[in-house]
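Spelled out, the chains give:
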Amino acid sequence: LITCSASMHDEVTELYGPDLPEISVIRNGIDITTWSYREREPRLGPARLLYVGRLEYEKGVQDAIAALPRIRRSHPGTTLAVAGEGTQFEWLREQARIHRVARSVTFLGNLDHTELLGWLHGADAIVLPSRYEPFGIIALEAAAAGTPLIASTAGGLGEAVVDGVTGLSFHPGDVAGLV
């Protein structure tokens, strides 16, 4: 048996019992040659946040949207670009309206590799607010591109993003922590 993170190892053991054959953890990886690193230059102006992933409840995009009004109070003009598709698209658009940040949230749909790399290079940080996450490969891709990471500690993200070392982290579903 193979899992992609220690947290998935624990989940499989909890779900299927301790009498399973030995479980090996082999973390996902990426080809770093396809993710050109770009050094960050100090920049004035509003912060540009980016989310990349499926638009599903467990990905926590609703938490990033809920955090945006408070982020904009201390960092006026901050925007959130949301790349991806999923079953929660209309609900997330409604959440942006409810939180009165609809003009500050842009839904990009799916991006090809070149477009994604451009957005990663242009973002001030990628926000990965997952409530459940087996691994979170976009964290590796963003890091390889030089994009600062703000991620929940859900699953593999908690292993990939070490708070204050490889990025900033917060507990899943903790909107105040995300802010």
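Calculation rules
- Residues numbered from 1 in each chain as written.
- Predicted model: local features only at pLDDT ≥ 70, side-chain atom pairs only at ≥ 80, totals over all residues.
- Heavy atoms only, no water.
- Pairing = 2+ DSSP bridges.
- Helix = DSSP H or I, 4+ residues; strand = E, 2+ residues; numbered from the N terminus.
- Right-handed = clockwise from strand over helix to strand, strands pointing away.
- Phe/Tyr/Trp six-rings, centres within 6.5 Å; stacked < 30°, edge-to-face > 60°.
- Buried < 20%, exposed > 50% of the residue type's maximum accessible area, 1.4 Å probe, protein only.
- Axes fitted to C-alpha atoms, helices over the stretch in contact; angles between N-to-C directions.
- Parallel < 35°, antiparallel > 145°, perpendicular 65-115°, else oblique.
- Left-handed = near helix turned anticlockwise from the far one by under 90°.
- Contact = heavy atoms within 4.5 Å.
- 1 Å grid on protein atoms, 1.4 Å probe; cavity = no way out; pocket = protein on both sides within 12 Å on 5 of 7 lines; lining within 4 Å.
- Points joined across faces, edges and corners; volume = space filled by probe spheres on them.
- Nonpolar A, V, L, I, M, F, W, Y, C, P; charged D, E, K, R; others polar.

1. Quick notes on the pairing of strand E5 (residues 105-109)
Argument step 1. With 4 bridges joining them, strand E4 (residues 79-83) and E5 adopt parallel strand pairing. Its bridge partner lying in E5, Leu-80 is registered against Val-105.
Argument step 2. Between the parallel pair E4 and E5, the chain is carried across by helix H3 (residues 89-98), and the sense of this crossover is right-handed.

2. Quick notes on the packing of aromatic side chains
Argument step 1. One pass over the full model with this rule turns up 2 aromatic pairs.
Argument step 2. Considering the side-chain rings of Tyr-57 and Trp-91, the 6.2 Å spacing of their centres and the 45 degrees angle between planes classify their relative orientation as tilted. Within this pair, whereas Tyr-57 is found in the loop between strand E3 (48-52) and helix H2 (61-74), its partner Trp-91 is found in helix H3, the two being separated by 34 residues in sequence.
Argument step 3. On the basis of relative accessibility, which here comes to 33%, the residue Trp-91 falls in the partly exposed class.
Argument step 4. For the pair Phe-89 and Phe-107, a centre-to-centre distance of 5.3 Å together with 85 degrees between the ring planes defines the contact as edge-to-face. Residue Phe-89 is found in helix H3, and its partner Phe-107 is found in strand E5; the two are separated by 18 residues along the sequence.
Argument step 5. Classification of Phe-89 as partly exposed rests on a relative accessible area of 27%.

3. Notes on the packing of H2 against H3
For any two helices packed against each other, the geometry is given by the interaxial angle and the distance between the axes.
Argument step 1. Between H2 and H3, the shortest axis-to-axis distance is 9 Å and the interhelical angle comes to 15 degrees. Classified by the interaxial angle, the pair formed by H2 and H3 is roughly parallel. For the pair H2 and H3, the crossing hand works out as right-handed. Contacts from Val-61, Gln-62 and Ile-65 of H2 reach H3 at Trp-91, Leu-92, Gln-95 and Ala-96.

4. Some points on unusual backbone geometry
Argument step 1. Positive phi, close to 60 degrees, is recorded for Arg-100, a residue that is not glycine.
Argument step 2. Mapped onto the elements of the fold, Arg-100 is located in the loop between H3 and E5.

5. A look at the layout of surface pockets
Argument step 1. If you add up the space inside the largest pocket, you get close to 240 Å³.
Argument step 2. If you go around the largest pocket, you meet 14 residues; those closest to its centre are Ile-71, His-75, Ile-150, Leu-178 and Val-179.
Argument step 3. When residues of the lining of the largest pocket are traced back to their parent elements, those giving at least two are H2, strand E8 (168-170) and helix H7 (175-178).
Argument step 4. Counting residues per element, the lining of the largest pocket draws most heavily on E8, which supplies 3 residues.
Argument step 5. Computed from the structure, the second largest pocket encloses a volume of approximately 160 Å³.
Argument step 6. If you trace the second largest pocket, you find it lined by Arg-38, Glu-39, Arg-40, Glu-41, Pro-42, Arg-43, Arg-48, His-121, Gly-122, Ala-123, Asp-124 and Pro-148.
Argument step 7. Residues of the lining of the second largest pocket, tallied by class, amount to 3 nonpolar, 2 polar and 7 charged.

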